[in-house]
Structure formats: structure tokens, C-alpha cells
Amino acid sequence: MRTIAFYSLKGGVGKTAAAVNIAYLASQAGVSTLLWDLDPQGASSWYLAGTEDVSGHKLSALIKGKSPIAEFIHQSEYPNLEFIPSHTSFRNLDVRLEQSDSNNLIKEWLAPLSEDTSLVILDCPPSLSRLSEQVLKASDATFVPVIPTWLSLNSWNQLQAFATDKKLKPSRLHPFYSLADRRKSLHRELIDAREKHLPSGLRTIIPNASVVEKMGEKGAPVERLAPASIAADAYRRLWQEIRGIIG
Ligand SMILES: Nc1ncnc2c1ncn2[C@@H]1O[C@H](COP(=O)(O)OP(=O)(O)OP(=O)(O)O)[C@@H](O)[C@H]1O
Ligand SMILES: [Mg+2]
């Protein structure tokens, strides 16, 4: 079982959009995939729930060991794709992790799933916290969307410094440009100077595209909504790159 995360300390950069699209593409490639929505906003749960009325489990049941993680899992409407919906109590996850003796509860919770699940994808809330630390530790690779702006690049640099400081293997962090809009001169400038600003970044650039926003309205991944679109092609290339990295 491989675990990857979509993570950034900056909000609204395309973590959830990438997590859902990559989870779908992985499942379509025959990889049994589990998307865990760790964000109390519950966006990725909402994308995957379809018409099902899902309400996630309270965090306390997991923390106290009352319920095994398998009880938290829902089947999505797509084969090979399961998800753990968020719950508003996940807003306390950080405090609970602080209080725990274990320095990697996320990894411990996931361990029993390894027989049936090949890929776990963690969709994380934007923060730099105990949760981020554990997510970075539990993941074989962490993918970080970066909007081509100075502020977003600055967040990326902060994350690298945090990983180095906490001895979290910065080489497992993989940034990629997201929400890129070539009509904006700053975006063009930072994309063209990618080797300088994002030297360890992935090749794929996720464009700013209205079809990605439509995911919310239609409750489906881009590959289902508009497979011939530039955005769908970008997510397919992102999945190929991720696949190459996690092996
Ligand atoms: N490539 C894209 N093109 C256009 N809109 C996008 C794209 N990616 C994401 N969006 C839109 O931008 C908003 C934020 O995207 P998303 O929820 O994926 O970001 P996030 O990093 O997960 O945010 P948060 O930090 O709040 O969890 C959403 O409204 C989404 O529809
Ligand atoms: Mg999100």
C-alpha cells in the first residue's frame, strides 16, 4: 500500500480538485484507491458522495479505538474507489494528535487497510500543524499545488523549511503549478522561469479551467465531465507523473 497526500499550508490552491481527480484516475487504472478527506470542510467527500447522503463518523470513535478504520469507509459510485468522509469533529484532529502518545497516529490507523487498498490519498486542510507533520510522515510522497504567484511560492518555501526543520525528508515533497492562467503576466513569468522557482517541481501544470469548477456543480471528476479538455489531459499527465514517483 502506498500513501500520498495533497497538501499545502495555503488554502484554495487546488488540493482537493487534484486529490479527487487523481483518485478517480488511479481507480480507473485498476488501482484500489481510498481517498481520506481529512478536511472538516468536507469538500472531497462532497465530490465523491454522489446522491448518497454521507455523514462521516466522529473522530472520537477512531481515537478511542472503538471503531476500526474500516467502519469509516464508504464505496463511491465508481469501482475501485472508496472514501472516508470528513466529519465536523475533524476540526479537533490537531488537538487530538497533540494529546496522543503516538507520533504517527495516521499511519497506525491506516495500517490495517494494507491488504485491500493499494493507494491511500489524503486530502488535507490548509495548515502547518501537528496534522501536517503526521501526514508528511505517513506519506510516501506529498504533492503540493502552487499557484504561480509570489505568495504561493513563499508558502512552498515555508513548507520546505518546515520539513527540513522537522527532519521530514523534503525530497518526498513534490510541488506542481496549479490554477495556472497564462493570460496573467505574473503567471507566465513564473511558469517560464520554473527551473529557477520550482526546480524540483513536476512537469505537469494544472491550468485554471472552468471545467474544474464545474466538478462542484456536477459532483464528478473532470475525466467524466470533459475527457477531451485541456484540464482532463493535465490531470492524466499528473497521474502518470505521480505513478512514476510512487512506483
Ligand atoms: N484548475 C482549476 N481551475 C479552476 N478552478 C479551480 C481549479 N482547481 C480548483 N479550482 C477551484 O478553486 C477553488 C479551490 O479549489 P480546491 O478546493 O481544490 O482547493 P484546496 O486547496 O483544496 O482548498 P482548501 O485549502 O480550502 O481545502 C474551488 O472552487 C475549485 O473549484
Ligand atoms: Mg481542500
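Structure report, in brief.

Rules and cut-offs
Residues numbered from 1 in each chain as written. Chains lettered and ligands numbered in written order. Predicted model: local features only at pLDDT ≥ 70, side-chain atom pairs only at ≥ 80, totals over all residues. Heavy atoms only, no water. Near = heavy atom within 4 Å. Polar contact = N/O pair within 3.5 Å; in protein donor to acceptor, adjacent residues only side chain to side chain. Areas by Shrake-Rupley, 256 points an atom, 1.4 Å probe, with all protein chains shown as cover. Helix = DSSP H or I, 4+ residues; strand = E, 2+ residues; numbered from the N terminus. Nonpolar A, V, L, I, M, F, W, Y, C, P; charged D, E, K, R; others polar. Buried < 20%, exposed > 50% of the residue type's maximum accessible area, 1.4 Å probe, protein only. Pairing = 2+ DSSP bridges. Salt bridge = Lys/Arg side-chain N within 4 Å of Asp/Glu carboxyl O. Phe/Tyr/Trp six-rings, centres within 6.5 Å; stacked < 30°, edge-to-face > 60°. Lys, Arg positive; Asp, Glu negative; His and termini not counted. Axes fitted to C-alpha atoms, helices over the stretch in contact; angles between N-to-C directions. Parallel < 35°, antiparallel > 145°, perpendicular 65-115°, else oblique. Contact = heavy atoms within 4.5 Å.

**Remarks on the site of ligand 1**
In the vicinity of ligand 1 lie 17 residues, with Lys15, Thr16, Ala17, Pro207 and Ala209 positioned nearest. At 2.9 Å, a backbone N or O of valine 13 approaches an oxygen atom of ligand 1. One of the side-chain N or O atoms of glutamine 41 is found 3.2 Å from an oxygen atom in ligand 1. The fraction of the free accessible surface of ligand 1 (630 Å²) that becomes covered by protein chains is 81%. Of all the elements in the fold, those that place two or more residues in the shell around ligand 1 are α1 (15-28) and α10 (210-218). Of the residues contributing to the shell around ligand 1, the split by class is 8 nonpolar, 6 polar and 3 charged.

**A word on the pairing of strand β2 (residues 33-37)**
A regular strand carries its side chains on alternate faces of the sheet. Most of β2 sits inside the fold, with 5 of its 5 residues counted as buried. Side chains Thr33, Leu35 and Asp37 project from β2 onto one buried face, and the interleaved Leu34 and Trp36 project onto a second face that is buried too. As paired elements, β2 and strand β4 (residues 81-84) share 4 bridges and run parallel to each other. From the neighbouring strand, leucine 35 faces β4, where its bridge partner is phenylalanine 83. Note: β2 against strand β5 (residues 119-123), 5 bridges, orientation parallel. Considered in β5, the bridge of leucine 34 is made with valine 120.

**Some words on helix α6 (residues 130-138)**
Most of α6 sits out of view: 8 of its 9 residues are buried. Two to three positions downstream of the cap, the backbone nitrogen of leucine 131 sits 3.3 Å from a side-chain oxygen, assigning the N-cap of α6 to serine 129.

**Some thoughts on the pattern of salt bridges**
Applying the stated criterion across every chain, the model contains 10 salt bridges. Here arginine 183 and aspartate 181 are joined by a salt bridge, their closest N and O atoms 3.0 Å apart. Aspartate 181 sits in the buried class, given a relative accessible area of 9%. Residues arginine 203 and glutamate 195 are paired through a salt bridge, measuring 3.3 Å at the closest nitrogen-oxygen approach. Of the two residues, arginine 203 and glutamate 195, both sit in the exposed class.

**Some thoughts on the packing of aromatic side chains**
Under the defined criterion, the tally for this structure stands at 5 aromatic pairs. Here the aromatic rings of phenylalanine 6 and phenylalanine 176 are separated by 6.5 Å at their centres, their planes lie at 90 degrees, and the arrangement is edge-to-face. Of this pair, phenylalanine 6 sits in strand β1 (residues 2-6) while phenylalanine 176 sits in strand β7 (residues 173-177); the two residues are 170 residues apart in sequence, bridging distant segments of the chain. Here phenylalanine 6 and phenylalanine 176 have matching classes, each one buried. Aromatic side chains tryptophan 46 and tyrosine 47 sit 6.0 Å apart centroid to centroid with 45 degrees between the ring planes, which places their arrangement in the tilted category. When its relative accessible area of 55% is taken as the criterion, tryptophan 46 is described as exposed. On the basis of relative accessibility, which here comes to 17%, the residue tyrosine 47 falls in the buried class. Through a chain of ring-to-ring contacts, three or more aromatic side chains come together here, namely Phe6, Phe143 and Phe176.

**Considering the side chain of aspartate 37**
One can find aspartate 37 in strand β2. As a buried residue without a salt bridge, aspartate 37 has its nearest oppositely charged side chain in lysine 15, at a separation of 10 Å. Here the side chain of aspartate 37 touches serine 44 through a polar contact of 3.3 Å, side chain to side chain. Within the local environment of aspartate 37, its side chain forms a polar contact with the side chain of serine 45, the two groups lying 2.5 Å apart.

**Observations concerning the packing of α1 against helix α12 (residues 230-246)**
At a closest axis distance of 10 Å, the pairing of α1 and α12 adopts a crossing angle of 75 degrees. As far as their axial angle goes, α12 and α1 are roughly perpendicular. Where α1 approaches α12, its residues Ala17, Ala18, Asn21, Ile22, Leu25 and Ala26 are matched on the opposing element by Tyr235, Arg236, Leu238, Trp239 and Ile242.

**Side note on the sheet that holds β7**
The strand order β3-β4-β2-β5-β1-β6-β7 describes an open sheet built from 7 strands, whose pairing is mixed. Of all strands in the sheet, those with a lone pairing partner are β3 (74-75) and β7, marking the two edges. Pairing between β3 and β4: 2 bridges, direction antiparallel. Its bridge partner being in β4, histidine 74 is matched across the sheet by phenylalanine 83.

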